[in-house]
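Examination of the molecular architecture
Single-letter residue listing:
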Amino acid sequence: MDGNYLLQQMINGVSLGSIYALVAIGFSITYSILRLINFAHGDILMIGSFCALFFLVSLPLPLFLAIAGAMLCAALIGVLVERIAFRPLRSASEEAMLITSLAVSIFIENLGIMTVTAQPRKFAFPQVFSHTYNLGGVSFSNMTLLTVGSAIFLMLALTFFVKRTKLGKAMRACSENIKVARLMGIDINIVIAAAFAIGSALAAVAGIMLGGQYGRIDPLMGFIPGLKAFVAAVIGGIGSIPGAVLGGYALGLFEILLVGLLPVDYSGYRDAFVFLLLIVVLLLRPNGLLGSVEGRKI
């Protein structure tokens with residue numbers, strides 16, 4: 001094994017970690033405010049990819065307009081899911097909301113199978129994104145640059161939004177103590193809807209990038225990436241946006257390097273190693289790498 005091979009695997013790991021980080025942010029935002037682990041969040045990833053496919057093929061729109069349209073559709077669906085499924089249970093136990101999120105996930109997946117069938121669909125980006133660069137034995141494509149670049153841009157934009165805008169500060173206040181935030185005049189319904197909209201829009205981008213990398217999408221494509229993104233959020237510290245980003249990149253690098261460095265016979269166990277990493281991190285740091293004792297604070 002030489003240095004070029006290791007660097008190549010690290011580039012692949014950063015690309016995959018960008019996708020995990022975008023989805024993990026949505027988990028952390030909703031958990032920090034509502035103490036809700038929303039397992040339906042991964043299925044929003046799938047919805048975003050199918051919306052983008054519709055905009056690209058049926059209309060057709062330019063790529064970046066299709067991405068923007070898919071983000072808007074995913075955000076609206078995220079707000080709708082919160083309004084119908086989670087808002088009536090806001091005073092219920094965390095277990096009831098967890099079970100509801102599983103039910104919503106199953107509903108979305110089966111609705112997708114009924115409407116677009118379980119047959120995978122070809123998801124082809126414009127040809128320019130398949131162009132590959134070779135630098136000193138290391139290769140990467142425009143698709144990789146788009147994935148990493150868009151993830152970094154959106155994370156920086158989210159950081160600015162949370163730190164500098166009125167709504168972002170209201171989200172931070174709700175993550176600290178939602179009851180006190182309500183008493184101070186903050187409309188928590190708007191804050192929670194915004195949290196679902198932002199998380200869903202980011203998940204849509206992750207779904208588009210995932211579809212662009214693998215060239216296919218299907219109604220069940222969001223389950224495993226969503227589950228791994230939840231693992232990333234827990235590793236980084238559930239409820240922390242920086243923790244979600246750190247956990248996403250750490251998990252992406254770990255998964256790719258593990259497959260690349262271990263004998264090929266062990267590559268089929270990559271998902272098992274992901275959860276083994278989760279167990280190890282929780283044994284050493286029960287609150288995650290950047291998590292607080294309270295588990296809140298975005």
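Residues numbered from 1 in each chain as written. Predicted model: local features only at pLDDT ≥ 70, side-chain atom pairs only at ≥ 80, totals over all residues. Heavy atoms only, no water.

Comments concerning the nonpolar core
Counting residues in each nonpolar core, the largest one holds 86 residues, and the members touching the most others are I25 and I33. A per-element tally of this core places helix 8 (residues 188-214) first, with 14 residues. (Core = buried A, V, L, I, M, F, W, Y, C linked by side-chain atoms within 4.5 Å. Buried < 20%, exposed > 50% of the residue type's maximum accessible area, 1.4 Å probe, protein only. Helix = DSSP H or I, 4+ residues; strand = E, 2+ residues; numbered from the N terminus.)

Considerations on unusual backbone geometry
Backbone geometry at R35 places phi at a positive 55°, although glycine is not the residue there. Within the secondary structure, R35 is located in the loop between helix 1 (3-34) and helix 2 (41-57). Overall, R35 belongs to the partly exposed group, its relative accessible area being 21%. Backbone geometry at T117 places phi at a positive 70°, although glycine is not the residue there. Summarising the element assignment, T117 is placed in the loop between helix 4 (94-116) and strand 1 (121-122). Assessed through its relative accessible area of 39%, T117 is described here as partly exposed.

So, helix 9 (residues 223-236)
Between its first and last C-alpha atoms helix 9 spans 20 Å; for 14 residues at 1.5 Å apiece the expected length is 20 Å, and the two agree. Of all the residues in helix 9, the buried ones are P225, G226, K228, A229, F230, V231, A232, A233, V234, I235 and G236. Those residues of helix 9 that are buried lie in contact with helix 1, helix 2, helix 8, helix 10 (241-261) and helix 11 (270-284). Directly beyond the C-terminal end of helix 9, a positive phi value near 120° is found at G237. (Expected span 1.5 Å × (residues − 1). Contact = heavy atoms within 4.5 Å.)

Section: the side chain of T144
Mapped onto the elements, T144 comes out in helix 5 (residues 142-164). What makes T144 buried here is its relative accessible area of 16%. Among residues more than four places away in sequence, those in contact with T144 are I11 and S15.

Regarding the environment of L72
Summarising the element assignment, L72 is placed in helix 3 (residues 63-86). The exposure class of L72 is exposed, given its relative accessible area of 53%. Measuring from C-alpha to C-alpha, the distance between L72 and I198 comes to 9.5 Å, with 126 residues separating the pair along the chain.

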